[in-house]
Every structure is written in structure tokens, then in C-alpha cells.
Amino acid sequence: MNSSNWIARGVIALGISTAPFLAHGQDSSAGRWSLGVTGGTLGVGPELAFRASPYLGARANAGFLTISRDEEVDDISYDGDLNLNSFGVMLDWYPTGDGLRISVGARANNNEVELVGAPTTNVTIGGTTYSPAQVGTLVGTVTTDDFAPALTIGYGGTLAKGFTLGAEIGVLWQGKPTIDNLRATGPLAGTNQFQADIEREQQRIEDEVSDYDLWPILQLAFLYRF
């Protein structure tokens, strides 16, 4: 569930390495559109920006990415596929009329984690011990709120004529993650006892991911201004 860590490190490293190439400030001319690509902890996708005045602007972007990671809960190893899939709009305030910006906005958040767990030894689920044959494969999906507010602070500068590089850091309020329809394929899957134990297992998984109600935003954007 900490699958964003390696992305975050990569974004920070790239931001540090590219910072010396930024010009002293972003061209603040009003009425300028920019189009390009953004990438980071929200995924990778297109971004469209408009600088309405030296102090105000707006951006729309999307992020897509799939990352795989293993996570262990109650001695059950789950293969997790984090599917980043979101669309957002940000309103930008440039307090100095330069490249520094403070942004607020929201995203249509379709991010989810697909979980698959196949025990190879006896495991305890909800206080009851089961064999691998009795459990079969456990499958479920971790989801968050469909609507997620966002707050970031960022800076952009000119790389070359018409080309800009921007970076931002912030947070996405995506709500407490919940797991939908945790189920098993084993022969006991339909019994009342197993169903009660699965509900307890589902609660334990949700407790494991409860800290991810706040999702870190670390993004870089490479745009062409026209």
C-alpha cells in the first residue's frame, strides 16, 4: 500500500536535478495557453494550463498509472495492483506575479487497488484457522472517495523558448480507503462462519490502509506555451 514511495523519491530527485535549469521566473503574460504532460504520484497524463493574468491561472490534467506491490495482512500475502486514474482542475494563485503558485482544486478520483491473496500455508482469518485449500484465493478492491479536494504549492520556469518545467507538492484528501466485496474461491466461501471471518479480515485490511486518507501529491509538468 506504500506504492507511492518510489514515485515520490523519483519526483523529488528529478525536481532537484532540474531546478538549476529553470529561469528566474515564469513568463506571466496574460492570455497564454500551455499544453504538455505531467507525471508523479497522481500518475502520468496530459495537462492544459491557462494564465489569465499575472496573478491568476487554471489547469486541467489527468493521471494514469498501474503499479504492483505486495502487502501482508494477518500472514496473508496480497498482490496489490494500484491503478491511478483521476481527472482534476486546479485554480492557481501567483502571489508574486512570477513563477511561484498556490493552487486549490479537486479531482474526480477513480484510483483503486486490486488485491489478490493466495495462502500457501494455514492462515488465521477472523480468528479461525483455515488451510490453503479451504480458502482458495482472496480477491477484493480498495477504493476511496470519488471526489477529492487538493491543495498544492508549486513553481514553474522556462527551460527554453516556449518550453516550461513546473513542479508542485501538496496533498489530496481522498477519504478513508474501504475494501469492496472481499471474497474467496475456496469450498467454504459460502458458509456463515467463513463469511463472518471474511468481514473481520476486511476490517483488518481497512485498518492497514486507513492512513491513506491523505494522498501525497508530487508532480512535474513539462509544457509548451503558445
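What you see is a predicted model; the values in this text were computed from it and never measured. (Residues numbered from 1 in each chain as written. Predicted model: local features only at pLDDT ≥ 70, side-chain atom pairs only at ≥ 80, totals over all residues. Heavy atoms only, no water.)

Asker: When you look at the side chain of Asp-197 in this model, what are you seeing that I'm missing?
Answerer: On the secondary structure map, Asp-197 appears in helix H3 (residues 192-208). Excluding residues within four positions of it along the chain, Asp-197 makes contact with Ile-125, Gly-126, Thr-128 and Tyr-130. (Helix = DSSP H or I, 4+ residues; strand = E, 2+ residues; numbered from the N terminus. Contact = heavy atoms within 4.5 Å.)

Asker: Is there a simple way to explain unusual backbone geometry in this structure?
Answerer: Among all residues save glycine, negative phi is the norm, and among peptide bonds the norm is trans. The backbone phi angle of Asn-181 is positive, close to 55 degrees, even though this residue is not glycine. As for its placement among the helices and strands, Asn-181 is situated in strand E12 (residues 178-184).

Asker: Which parts of the structure should I look at to understand the environment of Asn-110?
Answerer: Positionally, Asn-110 belongs in the loop between strand E5 (100-109) and strand E6 (112-117). A residue is classified by how much of its surface remains accessible, and Asn-110, at 39% relative accessible area, is partly exposed. Spatially, the C-alpha atom of Asn-110 lies 8.8 Å from that of Phe-147, the residues being 37 residues apart in sequence. Ignoring any residue separated from it by four or fewer positions in sequence, one finds Asn-110 in contact with Asn-83, Asn-85, Ser-86 and Phe-87. (Buried < 20%, exposed > 50% of the residue type's maximum accessible area, 1.4 Å probe, protein only.)

Asker: I'm lost on the nonpolar core in this one. Help?
Answerer: A general tendency of soluble globular proteins is for nonpolar side chains to be buried together. Counting 30 residues, the largest nonpolar core has Ile-125 and Leu-138 as the members making the most contacts within it. The greatest single-element share of this core, amounting to five residues, is contributed by strand E4 (residues 76-93). The residues touching Ile-125, leaving out its near neighbours within four places in the chain, are Ile-76, Tyr-130, Val-135, Leu-138, Phe-194, Asp-197, Ile-198 and Glu-201. (Core = buried A, V, L, I, M, F, W, Y, C linked by side-chain atoms within 4.5 Å.)

Asker: Could you clarify how one ought to interpret the confidence of the model for the chain in this entry?
Answerer: Averaged over all residues, the pLDDT of the chain equals 86, while 86% of them reach at least 70. Taking the mean pLDDT of every element in the chain, the minimum, 49, falls on helix H1 (residues 5-18) and the maximum, 97, on E5. pLDDT under 50 marks residues 14-19. Its contacts with residues more than four places away, or in other chains, come to three contacts. Long-range and interchain partners of residues 21-28, a stretch whose pLDDT sits below 50, account for 28 contacts in this model, where long-range means more than four residues apart. (pLDDT = per-residue confidence, 0-100.)

Asker: I'm lost on a nonpolar patch on the surface in this one. Help?
Answerer: A cluster of nonpolar residues, Tyr-55, Leu-56, Leu-91, Trp-93, Leu-100, Ile-102, Val-104, Leu-151, Ile-153, Ile-169, Trp-173 and Leu-214, forms a patch on the protein surface that exposes about 1,100 Å² of accessible area. Of all the secondary-structure elements, those providing two or more residues to the nonpolar patch are E4, E5, strand E10 (147-160) and strand E11 (163-173). Residue contributions to the nonpolar patch peak at three residues, all from E5. Along the polypeptide, Leu-100 turns up in strand E5. A relative accessible area of 31% places Leu-100 in the partly exposed class. (Patch = residues over 30% accessible without salt bridge, like charges linked within 9 Å, V, L, I, M, F, W, Y side chains within 5 Å. Areas by Shrake-Rupley, 256 points an atom, 1.4 Å probe, with all protein chains shown as cover. Salt bridge = Lys/Arg side-chain N within 4 Å of Asp/Glu carboxyl O.)

Asker: Sorry, what's going on with the pairing of E6 here?
Answerer: A regular strand places its side chains on the two faces of the sheet in alternate fashion. Only one face of E6 is covered, namely the one carrying Val-113, Leu-115 and Gly-117; the face carrying Glu-112, Glu-114 and Val-116 has none of its residues buried. Note: E4 against E6, six bridges, orientation antiparallel. The residue bridging Asp-81 from the neighbouring strand is Glu-114, located in E6. The sheet contact formed by E6 and strand E9 (residues 138-143) spans six bridges and is antiparallel. Looking at E9, one finds that Val-113 is bridged to Val-142. (Pairing = 2+ DSSP bridges.)

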